[in-house]
Amino acid sequence: MTLTDAPAAAGTDEKPPLTLYLADPRGFCAGVERAIQIVELALEKWGAPVYVRHEIVHNRHVVEDLRTKGAVFVEELSEVPDDKPVIFSAHGVPKAVPAEAARREMIYVDATCPLVSKVHIEAERHAARGRQIVMIGHSGHPETIGTMGQLPEGDVLLVETAADVAALTPRDPESLAYITQTTLSVDDTADVVAALTARFPAIVGPLKEDICYATTNRQEAVKAMAPEIDALLVVGAPNSSNSQRLVEVGRAAGCPYAMLVQSAADIDWRAIEGVRSVGITAGASAPEVLVEDVLSAFAARYDVAIEKVQTAEENVVFKVPRALRERV
Ligand code: SF4
């Protein structure tokens, strides 16, 4: 679709009315802000190139912006020369990665979100008490790989759904703990936890929820707006777990049309033709500029009224590592 396909272009200057419900909170969380800041400060301190193992956060726009400033994104540490600084992404890394960087005497900075590190520490504490761990997470996601990689292979079993619980064969069903990925759907995870506690009544859970505040808050805002909206657009990347969960939460809350868009260019105008209200939110790794572009694209086609749906106030800030707070 192009601008000329907009509803207002059908022989009249009058644009159809549309209410946009804008989720608050949406977009960047404290862990993403910190990770981006770490790469920027590293570039300032050491100059380009600074290597980043994996996309620092799951967003193409953010990655491209940092690339133009001198960041070089690689998937493995083996691709980084010994004498260049390297940053580990916000999702966390298996223990073997910093160990290898230390062995090679590299300069490295770990941008793992402190809320992911909290889960890593939890896993180690359970293991120290002799418990085998069940991780609720998505297979192949870097956070899951990083968290499972805090312990030797076999110490952490992965389940993705409540149905997976039946197939678990733990070493000792009386000595188990569970942890979760930080960006899961709150409601789906509750189902998996219920299945785990039903099958393993002695299983130990986290003292405080592993799903992070940002994930929870963004999902709550979507649930709050769901009864008002005919369609939901989530600005985010396909490989962003919490963005994908927002789409699922919207659908589960009864929204008839819920779609992920990476930018305004992805909006399927034909699919939402005739709607009177659209909810807009953004995953924790999606910059606000992409939301603004989406709002502008709607304003070009519709007579837009904006309603903010605020369900929480966020004021979380994480400090960057000391090495980057100290100037050269
Ligand atoms: S989504 Fe949550 S865990 Fe992930 S980076 Fe943001 S604050 Fe940290």
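Conventions used here
Residues numbered from 1 in each chain as written. Predicted model: local features only at pLDDT ≥ 70, side-chain atom pairs only at ≥ 80, totals over all residues. Heavy atoms only, no water. Axes fitted to C-alpha atoms, helices over the stretch in contact; angles between N-to-C directions. Helix = DSSP H or I, 4+ residues; strand = E, 2+ residues; numbered from the N terminus. Parallel < 35°, antiparallel > 145°, perpendicular 65-115°, else oblique. Left-handed = near helix turned anticlockwise from the far one by under 90°. Contact = heavy atoms within 4.5 Å. Nonpolar A, V, L, I, M, F, W, Y, C, P; charged D, E, K, R; others polar. Near = heavy atom within 4 Å. Pairing = 2+ DSSP bridges. Expected span 1.5 Å × (residues − 1). Buried < 20%, exposed > 50% of the residue type's maximum accessible area, 1.4 Å probe, protein only. Arc of directions from axis to C-beta. Phe/Tyr/Trp six-rings, centres within 6.5 Å; stacked < 30°, edge-to-face > 60°. Core = buried A, V, L, I, M, F, W, Y, C linked by side-chain atoms within 4.5 Å.

> Please set out the packing of helix H8 (residues 213–225) against helix H9 (residues 241–252) residue by residue, giving values where relevant.
Their axes nearest at 9 Å, the elements H8 and H9 cross at an angle of 30°. Considered as vectors, H8 and H9 are oriented roughly parallel to each other. Like other packed secondary-structure pairs, H8 and H9 cross with a definite hand, here right-handed. Every residue of H9 that contacts H8 at Thr215, Arg218, Gln219, Val222 and Lys223 is listed here: Asn242, Arg245, Leu246, Val249 and Gly250. Among the residues making up the contact of H8 with H9, the classes are represented as three nonpolar, four polar and three charged.

> Got a sec to walk through the site of the ligand? Specific residues and values, please.
Surveying the vicinity of the ligand reveals the residues Cys29, Gly31, Cys113, Leu115, Val116, Thr182, Thr183, Cys212 and Tyr213. Residue classes in the shell around the ligand are distributed as six nonpolar, three polar and no charged.

> Provide a residue-level description of the sheet that holds strand E8 (residues 176–180), including the pertinent values.
Taken in spatial order, the three strands line up as E7-E6-E8 in an open sheet, and their pairing is parallel. The sheet is open, and its two borders are formed by strand E7 (156–159) and E8, each paired with just one other strand. The average angle at which neighbouring strand axes cross in this sheet is 30°, direction not considered. The sheet contact formed by strand E6 (residues 132–136) and E7 spans four bridges and is parallel. Bridged to valine 134 within E7 is leucine 157. Each of E6 and E8 is contacted by helix H4 (residues 114–128), which is oriented at about 175° to E8, the strand it contacts most. Against the sheet, helix H7 (residues 186–199) contacts E6, E7 and E8, and its axis sits at roughly 150° relative to E6.

> Run through helix H10 (residues 288–301), naming residues and quoting values.
With 14 residues, H10 extends 21 Å from end C-alpha to end C-alpha; this agrees with the ideal 20 Å at 1.5 Å per step. Among all positions of H10, only Leu290, Val291, Val294, Leu295, Ala297, Phe298 and Arg301 are buried. Angular distribution of buried residues about the axis of H10 spans 155°; they occupy a single face of the element. Turning to H10, the residues buried within the fold contact strand E1 (17–24), helix H2 (60–69), strand E9 (231–235), strand E11 (277–282) and strand E12 (303–310).

> An account of the packing of aromatic side chains is needed here, citing residue identities and associated values.
For the structure on display, the rule yields four aromatic pairs. Centroid distance tryptophan 269 to phenylalanine 298: 4.8 Å. Interplanar angle 70°. Geometry classified as edge-to-face. Of this pair, tryptophan 269 sits in the loop between strand E10 (258–261) and E11 while phenylalanine 298 sits in helix H10, and the two are 29 residues apart along the sequence. On the accessibility criterion, phenylalanine 298 (0% relative accessible area) is buried. Centroid distance phenylalanine 298 to tyrosine 302: 6.1 Å. Interplanar angle 35°. Geometry classified as tilted. The residues phenylalanine 298 and tyrosine 302 share a single accessibility class, namely buried. What links up through ring pairs into an aromatic cluster is the set Trp269, Phe298 and Tyr302.

> Explain the nonpolar core to me, using residue names and the numbers behind them.
Counting residues in each nonpolar core, the largest one holds 27 residues, and the members touching the most others are Val39, Ile56, Leu66 and Ile87. Elements with a minimum of two residues in this core: helix H1 (30–46), strand E2 (50–53), H2 and strand E3 (71–74). It is H1 that contributes the most residues to this core, eight residues altogether. Excluding residues that lie within four positions of it along the chain, leucine 66 makes contacts with Ile36, Val39, Glu40, Leu43, Ile56, Ala71 and Phe73.

> Lay out unusual backbone geometry in plain terms, naming residues and giving numbers.
With an omega of 10°, the peptide bond between aspartate 24 and proline 25 qualifies as cis. Backbone geometry at histidine 54 places phi at a positive 75°, although glycine is not the residue there. Turning to its location among the elements, histidine 54 is positioned in the loop between E2 and H2. Unlike most non-glycine residues, glutamate 105 shows phi in positive territory, near 55°. Along the chain, glutamate 105 turns up in the loop between helix H3 (96–103) and strand E5 (108–110). Judged by its relative accessible area of 70%, glutamate 105 is exposed.

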